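An overview of the molecular structure
What follows is the residue order along each chain.
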Protein chains: 2
Amino acid sequence: MTKVIDFQTEPSSYRHWRVEYDGPIANLFMDVDENGGLFDGYQLKLNSYDLGVDIELADVVQRMRFEHPEVKVVVMQSGKDKVFCAGANIRMLGGAAHSHKVNFCKFTNETRNTFEAAEKDSGQKYIAAVKGACAGGGYELALACNHIMLTDDSTSSVALPEVPLLAVLPGTGGLTRVTDKRKVRRDLADVFCSTEEGVKGKRALAWRLVDEVVANSKFDEAVQERARAFAADMPKPEAAQGITLDPLDKTIGADGSVTYSLVEVLVDRDARKATLTINGPDAEAPDTIAAFEAQGDQAYMLRLARELDDAILHLRLNEMELGLLVFRTQGDPARVQAHEALLLEHREHWLANEVLQYWKRVLKRIDVTSRSMSALVEHGSCYTGVLAELLWAVDRTYMMEDEFEGDNRPTAAITLTDANFGPFPMSSDLTRLETRFLDDAEALSAAESQKLNALEAEDADSLGLVTMILDDIDWEDEIRIFEEERASFSPDAMTGMEANLRFAGPETMETRIFGRLTAWQNWIFNRPNAVGPDGALQRYGTGLRGDYNMERV
Amino acid sequence: MTKVIDFQTEPSSYRHWRVEYDGPIANLFMDVDENGGLFDGYQLKLNSYDLGVDIELADVVQRMRFEHPEVKVVVMQSGKDKVFCAGANIRMLGGAAHSHKVNFCKFTNETRNTFEAAEKDSGQKYIAAVKGACAGGGYELALACNHIMLTDDSTSSVALPEVPLLAVLPGTGGLTRVTDKRKVRRDLADVFCSTEEGVKGKRALAWRLVDEVVANSKFDEAVQERARAFAADMPKPEAAQGITLDPLDKTIGADGSVTYSLVEVLVDRDARKATLTINGPDAEAPDTIAAFEAQGDQAYMLRLARELDDAILHLRLNEMELGLLVFRTQGDPARVQAHEALLLEHREHWLANEVLQYWKRVLKRIDVTSRSMSALVEHGSCYTGVLAELLWAVDRTYMMEDEFEGDNRPTAAITLTDANFGPFPMSSDLTRLETRFLDDAEALSAAESQKLNALEAEDADSLGLVTMILDDIDWEDEIRIFEEERASFSPDAMTGMEANLRFAGPETMETRIFGRLTAWQNWIFNRPNAVGPDGALQRYGTGLRGDYNMERV
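These numbers come from a predicted model, not from an experiment.

Some remarks on the overall build of chain A
- Broken down by element type, chain A carries 22 helices and 23 strands.
- Here chain A has a C-alpha radius of gyration of 24 Å; the compact-globule value for 553 residues is 24 Å, and the two agree.
- In terms of principal-axis extent, the alpha carbons of chain A reach across some 75 × 55 × 45 Å.
- When contacts within chain A are restricted to residue pairs at least 6 apart in sequence, those whose partners lie at least 24 apart make up 75%.
- Averaged over its 59 positive side-chain charges, chain A has a centre that lies 10 Å from the centre of its 92 negative ones.

Here is the structure:
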């Protein structure tokens with residue numbers, strides 16, 4: 001699996017999904033092209049999916065919000081007879097490298113979290129209309145919807161057969177959503193998750209696995225009726241016309257560097273490092289929200305979010321040996337603030353809201369990226385507001401102190417804004433500063449009291465906003481030592497350490513999915529019982545069960 | 001590592017610890033016998049530890065509470081010069097099977113949680129008095145204390161060198177306690193956890209890694225002074241004389257069965273199953289708390305807790321291929337209630353409190369046991385109060401309904417008591433019934449309204465207290481099918497599934513240690529970078545670093 005995976009797509013290229021727009025209701029059909037796998041060696045039978053299918057779904061979900069703000073209810077359904085979705089493709093999983101499996105699951109989790117949150121964040125409610133078999137990742141798709149309807153016939157059921165059938169977990173949030181979202185009683189959850197054939201009809205309803213069970217003959221009508229009723233109840237303001245998300249301006253160089261309009265990714269393979277430079281606005285902020293809307297996908301804040309998001313995904317899946325991501329910014333902080341302020345001031349405006357919500361997701365994606373990350377606050381940088389969030393999303397932040405010889409850029413400073421105190425919570429529901437100053441209200445309010453002041457190194461350091469401030473003499477050496485050290489450590493130990501240190505404090509369903517559930521799944525994805533030559537994933541389809549070492553760990 | 005590990009010990013057998021009692025203060029010295037390893041092949045240099053050392057520590061902590069209720073402050077310190085504790089022994093870890101490593105870590109975690117909670121639960125506060133190197137598991141010992149004092153000299157430091165040195169995590173709570181208990185800022189935590197040599201003196205204090213730094217010349221005096229001050233402030237009632245914990249009445253049969261005075265463990269190797277039968281009280285409850293105290297360690301509630309605890313530990317470490325633990329009870333429920341009621345009524349009494357706290361720990365130990373577990377509610381059983389907690393600690397509960405041919409025992413019933421609504425929280429701080437009925441106050445209060453009523457099958461089922469009720473016709477078949485099914489699944493998938501389904505709802509530092517942190521450590525304990533022939537654990541001490549695959553997962 002060495003081909004470059006492209007996370008950009010658009011509706012005319014879809015092979016697996018289609019959407020029929022009907023005013024406030026969008027009917028979303030999953031109709032996977034068996035021969036449309038991202039890689040060779042497997043067929044995507046029975047609406048099973050691989051990363052390529054999920055990249056399209058992520059695109060659907062994203063465009064639904066930006067291009068179709070009129071939509072209030074999305075009905076996720078199958079375009080095939082007798083099967084809703086069979087889950088992740090097993091042959092694909094069986095053939096994939098551990099790192100691909102793990103990153104595939106992370107991306108699918110992010111997409112599910114995104115459409116699950118769409119009701120609250122964007123007033124778009126997802127209904128899963130389940131006809132036919134809905135198993136494993138298929139049921140996990142439904143679990144992430146806000147309402148599950150199941151038809152009551154002899155072949156329609158919901159199931160999580162991973163444990164009995166494949167010796168792995170329902171790892172795309174399945175176990176967590178069963179207990180924490182649907183609040184299925186734990187012993188019934190145990191029965192459900194070890195029953196290959198799943199649960200049907202009234203029992204599925206009684207166990208809380210679905211929200212409604214409807215006779216087959218009335219199902220389609222009941223679904224549309226439910227969709228209309230939800231749409232009528234949705235308190236979403238009537239939206240204007242959506243905007244169009246055109247293809248990104250993106251070039252990949254021969255050395256692996258990636259250049260977007262605002263983001264540059266430089267690759268240093270010897271140092272196993274990618275440096276992401278974010279450039280400040282290339283134009284003044286629009287004067288009005290109407291002017292902002294007229295800029296469409298070229299508005300600075302949206303364009304930057306899209307480019308940064310794509311860069312992170314590209315590095316995650318295509319550059320697995322680059323263990324360190326270094327963030328830099330360069331630009332005019334006042335301009336960044338002006339662009340951001342317009343959005344914060346008009347948070348009720350649909351597009352301003354969507355762009356802010358999107359930044360929330362991009363920052364969360366960075367939080368859960370399994371790479372060591374650092375930020376450099378250099379002279380000429382523009383870490384303010386939403387861009388300053390990067391300073392606390394990363395593992396360490398180094399800041400320039402005093403003058404550097406021959407460097408005429410404006411002195412390095414950090415400027416906090418309202419953006420740092422609420423609109424971009426982490427998956428734990430704390431802001432990054434709340435996490436940083438866990439239970440330390442004094443430190444937090446000291447930082448907040450400095451809002452809109454340009455904080456140079458000493459002030460930023462004494463407020464606890466950066467890890468280390470360094471002058472001209474120490475800057476290069478200290479950073480080089482850190483980067484070399486990081487490159488020498490075991491990547492696995494880094495991943496485990498970062499997954500624990502980054503998320504102090506309370507847990508939510510989302511953190512539990514990325515923390516507890518994912519970690520157990522990763523463990524299982526390393527165990528011979530699942531992935532060995534006689535393990536369940538390899539033997540799937542042969543008629544033989546996995547040959548298990550029965551020792552309990 | 002096939003010898004039977006015995007979790008029972010007593011002070012005259014200790015090889016690694018000694019305690020000097022001084023009124024309300026106990027000075028606890030770690031002085032590990034290099035040649036006293038539990039297994040061959042390694043020396044326990046520099047106060048490093050293996051499971052045998054930790055079994056003694058667990059015994060110290062337990063006896064401190066039962067035999068020395070007069071103690072209010074425990075000072076954990078080193079009996080060696082220049083080293084506090086070097087952590088888990090690396091050669092032992094390098095040579096141990098994955099299953100031993102994981103279960104070793106679980107037990108050490110439980111012991112640390114126990115002495116950490118001793119302040120709140122039993123009015124015994126632990127001080128770590130750190131002189132010399134305090135690294136890895138050594139610093140994790142200190143982290144679990146309630147107060148850390150560090151001497152200020154050139155050789156004394158605290159460190160978590162696991163990541164840079166060994167490519168594994170500080171997995172005995174280290175990462176979690178650094179962020180969640182000590183609230184070390186996450187970027188400083190990142191620096192700390194990747195700095196092999198650790199942090200000394202004032203910086204350790206400034207980073208919150210320790211609570212006090214004291215000049216070397218004044219250290220011993222300052223520690224004792226602090227201990228006396230804490231003791232004076234401890235709101236603990238003046239305790240009576242402690243009781244003695246005599247050796248358990250325990251026989252291991254040739255077939256692996258274990259017989260205690262109240263607990264029997266039957267082993268069925270073909271079915272990979274152990275059946276634990278708990279017998280009800282063999283005598284009436286004492287009339288008064290004084291009479292209870294006079295019974296010492298022979299009091300039913302204490303004797304049973306000790307036997308059950310030992311049985312669980314025995315099965316965990318010595319019987320790793322028994323994947324299913326089946327709980328049974330037989331006895332007079334009214335008697336169980338009477339024994340329990342005396343303790344609940346006298347919760348303020350030191351010994352009643354200790355026995356209740358111990359039950360809390362035993363039940364938590366069951367919660368985190370990586371085996372499938374079921375409970376059978378048969379005729380003649382005595383699932384009431386604390387014993388009924390077992391019904392919701394396990395994964396599934398089967399209950400007999402109506403008469404069974406030839407069975408004259410009293411009809412199966414479950415009786416809830418006050419014990420089911422508060423005194424025995426899980427590690428999530430919810431009771432087992434609150435977890436079972438997550439956010440369903442109605443179901444919870446319906447159960448509570450039936451307190452002290454003997455609930456036969458239909459009632460227990462409609463209240464949601466059991467998984468399945470079965471009559472004479474179905475009982476054997478249904479249970480056999482479940483047990484066979486369970487024995488056929490991948491043990492790893494079971495472990496992962498159970499670790500997720502058992503802990504719905506909120507997380508605490510404790511659940512994060514057993515869930516998130518442990519799962520990542522288990523993953524790393526399977527990765528070649530740590531445990532492969534060229535991994536860091538094997539290469540430790542050779543002067544060579546691990547040879548790492550640098551791909552990020």
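A word on the pattern of salt bridges
- Under the criterion given, the structure shown has 104 salt bridges over all chains.
- When the shortest N-O distance is used, the salt bridge between K451 of chain A and E448 of chain A registers 3.9 Å.
- The class of K451 of chain A is partly exposed, set by a relative accessible area of 28%.
- With a relative accessible area of 33%, E448 of chain A lands in the partly exposed category.
- The closest approach of N and O atoms between E484 of chain A and R480 of chain A, which form a salt bridge, is 3.4 Å. With E484 of chain A and R480 of chain A both in helix α18 (residues 475-488) and four residues apart, the pair spans about one turn of that helix.
- It is possible to trace a salt-bridge network through shared partners that takes in R186, D190 and R552 of chain A together with D395, R396, R486, E498 and R502 of chain B.

Some words on the sheet that holds strand β4 (residues 73-78) of chain B
All names here are of chain B.
- Judged by pairing direction, the sheet is mixed, and its six strands sit side by side in the order β1-β2-β4-β7-β9-β12 without closing on themselves. Pairing within the sheet leaves two strands with one partner each, and these edge strands are β1 (17-22) and β12 (212-215). Ignoring strand direction, the axes of neighbouring strands in this sheet form an average angle of 25°.
- Across six bridges, β1 lies against strand β2 (residues 25-30) in antiparallel orientation. Paired with D22 across the strands is I25, a residue of β2.

A word on the relation of the copies chain B and chain A
- Screw-axis analysis of chain B against chain A gives a translation of 0.0 Å along the axis, an RMSD of 0.0 Å, and a rotation angle of 180°. Between the two chains, the operation in question is that of a two-fold axis.
- The overlap is high: 99% of the interface residues of chain B also sit at the interface in chain A, so the same surface is used on both sides.

Focus: the packing of aromatic side chains
- On inspection of all chains with the given rule, the structure shows 16 aromatic pairs over all chains.
- A centroid spacing of 5.4 Å and a plane angle of 45° characterise the contact between Y398 of chain A and F482 of chain A, whose relative ring orientation is tilted. Here Y398 of chain A is found in strand β20 (residues 396-400), whereas its partner F482 of chain A is found in helix α18, with 84 residues between them in sequence. Both residues of the pair, Y398 of chain A and F482 of chain A, count as buried.
- Taking the centre distance of 6.1 Å and the plane angle of 45° together, the rings of Y49 of chain B and F104 of chain B count as tilted. Of this pair, Y49 of chain B sits in strand β3 (residues 48-49) while F104 of chain B sits in helix α3 (residues 98-122), and the two are 55 residues apart along the sequence.
- Its relative accessible area of 2% is what places F104 of chain B among the buried residues.
- The residue whose ring lies beneath K3 of chain B is F39 of chain B, and the NZ or CZ to ring-centre distance is 5.7 Å.
- The side chain of R112 of chain B reaches across the aromatic face of Y49 of chain B, ending 5.5 Å from its centre.

What about the nonpolar core?
- One finds Y139 of chain A together with Y139 of chain B to be the most contacted residues of the largest nonpolar core, which totals 170 residues.
- Setting aside residues no more than four positions away along its own chain, Y139 of chain B makes contact with C134, I148, V158, A159, L160, V178, R182, F192 and L209 of chain B.

Here's the deal with the sheet that holds strand β22 (residues 454-455) of chain A
All names here are of chain A.
- Strands sit in the order β19-β21-β22 across an open sheet of three strands; the sheet is mixed. At either margin of the open sheet sits one strand with a lone partner, and together these are β19 (383-384) and β22.
- Note that β19 and strand β21 (residues 414-415) share two bridges and pair parallel. Paired with Y383 across the bridge in β21 is I414.

A few points about the environment of C382 of chain B
- Within the secondary structure layout, C382 of chain B lies in the loop between β18 (372-377) and β19 (383-384).
- With sequence-adjacent residues up to four places away left out, C382 of chain B is seen in contact with G280, T329, Q330, G331, D332, P333, V336 and L387 of chain B.

Here's the deal with helix α1 (residues 51-66) of chain A
All names here are of chain A.
- Helix length check: α1, at 16 residues, gives a terminal C-alpha distance of 23 Å against a target of 22 Å (1.5 Å per residue), a fit within 8%.
- Where burial is concerned, most of α1 is hidden: 15 out of the 16 residues are buried.
- Backbone nitrogen of G52 and a side-chain oxygen of the N-cap are separated by 3.0 Å at the start of α1; the cap is D50.

Things to note about the interface of chain B and chain A
- With 87 residues of chain B at the contact, the number on the chain A side is 86 residues.
- When the area that chain B buries against chain A is broken down by residue, the three leading residues are R186, R516 and R552 of chain B, summing to 13%.
- For R436 of chain A, the salt bridge is made with D187 of chain B, and the minimal N-O distance between the two is 2.7 Å.
- Scanning the region where chain B abuts chain A turns up 60 residue pairs in polar contact (both at pLDDT 80 or more).
- Elements supplying a minimum of two residues to the side of chain B that touches chain A: α3, α5 (162-166), α6 (174-181), α7 (186-193), α14 (389-393), α18 (475-488), α19 (491-501) and α20 (509-524) of chain B.
- In terms of residue class, the side of chain B that touches chain A is made up of 37 nonpolar, 23 polar and 27 charged.

Some details on the side chain of N500 of chain B
- Residue position: N500 of chain B is located in helix α19.
- Here N500 of chain B falls in the buried class, since its relative accessible area comes to 3%.
- Engagement of the side chain of N500 of chain B in a polar contact is seen with the backbone oxygen of G496 of chain B, the distance being 2.8 Å.
- Other than its neighbours up to four places away in sequence, N500 of chain B contacts L169, L175, T176, T179, R516, L517 and W520 of chain A.

Topic: the pairing of strand β15 (residues 263-268) of chain B
Residue and element names in this part refer to chain B.
- The side-chain alternation of β15 yields one buried face, formed by V263, V265 and V267, and one unburied face, formed by E264, L266 and D268.
- Bridge count between strand β14 (residues 258-260) and β15: two bridges; the pairing is antiparallel. The partner of T259 across the bridge, within β15, is E264.
- Here β14 hands over to β15 after two residues, the two strands then running antiparallel side by side.
- Here β15 pairs with strand β16 (residues 273-279) via six bridges, running antiparallel. Within β16, the residue paired with L266 across the bridge is T275.
- Hairpin connection of β15 to β16: four residues between the antiparallel strands, including R272 at a positive phi of 50°.

Observations regarding the packing of helix α20 (residues 509-524) of chain A against α19 of chain B
- In the contact formed by α20 of chain A and α19 of chain B, the axes pass within 10 Å of each other and the chain directions differ by 175°. In terms of axis orientation, α20 of chain A runs roughly antiparallel to α19 of chain B. Between α20 of chain A, through R516, L517, W520, W523 and I524 of chain A, and α19 of chain B, the contact on the second element is made entirely by D492, A493, T495, G496, A499 and N500 of chain B.
- Here the residues of the contact of α20 of chain A with α19 of chain B are counted per class, giving six nonpolar, three polar and two charged.

Some thoughts on the confidence of the model for chain A
- Confidence in the prediction for chain A averages 96 pLDDT; 99% of positions are at 70 or higher.
- Listed scores for the predicted complex are pTM 0.97 and ipTM 0.95.

Re the side chain of S427 of chain A
- As for its placement among the helices and strands, S427 of chain A is situated in the loop between β21 and α15 (432-436).
- Residue S427 of chain A is classed as buried on the basis of its relative accessible area of 6%.

Rules used in this analysis
- Residues numbered from 1 in each chain as written.
- Chains lettered and ligands numbered in written order.
- Predicted model: local features only at pLDDT ≥ 70, side-chain atom pairs only at ≥ 80, totals over all residues.
- Heavy atoms only, no water.
- Helix = DSSP H or I, 4+ residues; strand = E, 2+ residues; numbered from the N terminus.
- Rg over C-alpha atoms; globule rule 2.2 N^0.38 Å.
- Contact = heavy atoms within 4.5 Å.
- Lys, Arg positive; Asp, Glu negative; His and termini not counted.
- Charge placed at Lys NZ, Arg CZ, Asp CG, Glu CD.
- Salt bridge = Lys/Arg side-chain N within 4 Å of Asp/Glu carboxyl O.
- Buried < 20%, exposed > 50% of the residue type's maximum accessible area, 1.4 Å probe, protein only.
- Pairing = 2+ DSSP bridges.
- Axes fitted to C-alpha atoms, helices over the stretch in contact; angles between N-to-C directions.
- Least-squares fit on C-alpha atoms with pLDDT ≥ 70 in both.
- Phe/Tyr/Trp six-rings, centres within 6.5 Å; stacked < 30°, edge-to-face > 60°.
- Lys NZ or Arg CZ within 6 Å of the ring centre and 35° of its normal.
- Core = buried A, V, L, I, M, F, W, Y, C linked by side-chain atoms within 4.5 Å.
- Expected span 1.5 Å × (residues − 1).
- Polar contact = N/O pair within 3.5 Å; in protein donor to acceptor, adjacent residues only side chain to side chain.
- Buried area = accessible area lost by both parts, 1.4 Å probe.
- Nonpolar A, V, L, I, M, F, W, Y, C, P; charged D, E, K, R; others polar.
- Parallel < 35°, antiparallel > 145°, perpendicular 65-115°, else oblique.
- pLDDT = per-residue confidence, 0-100.

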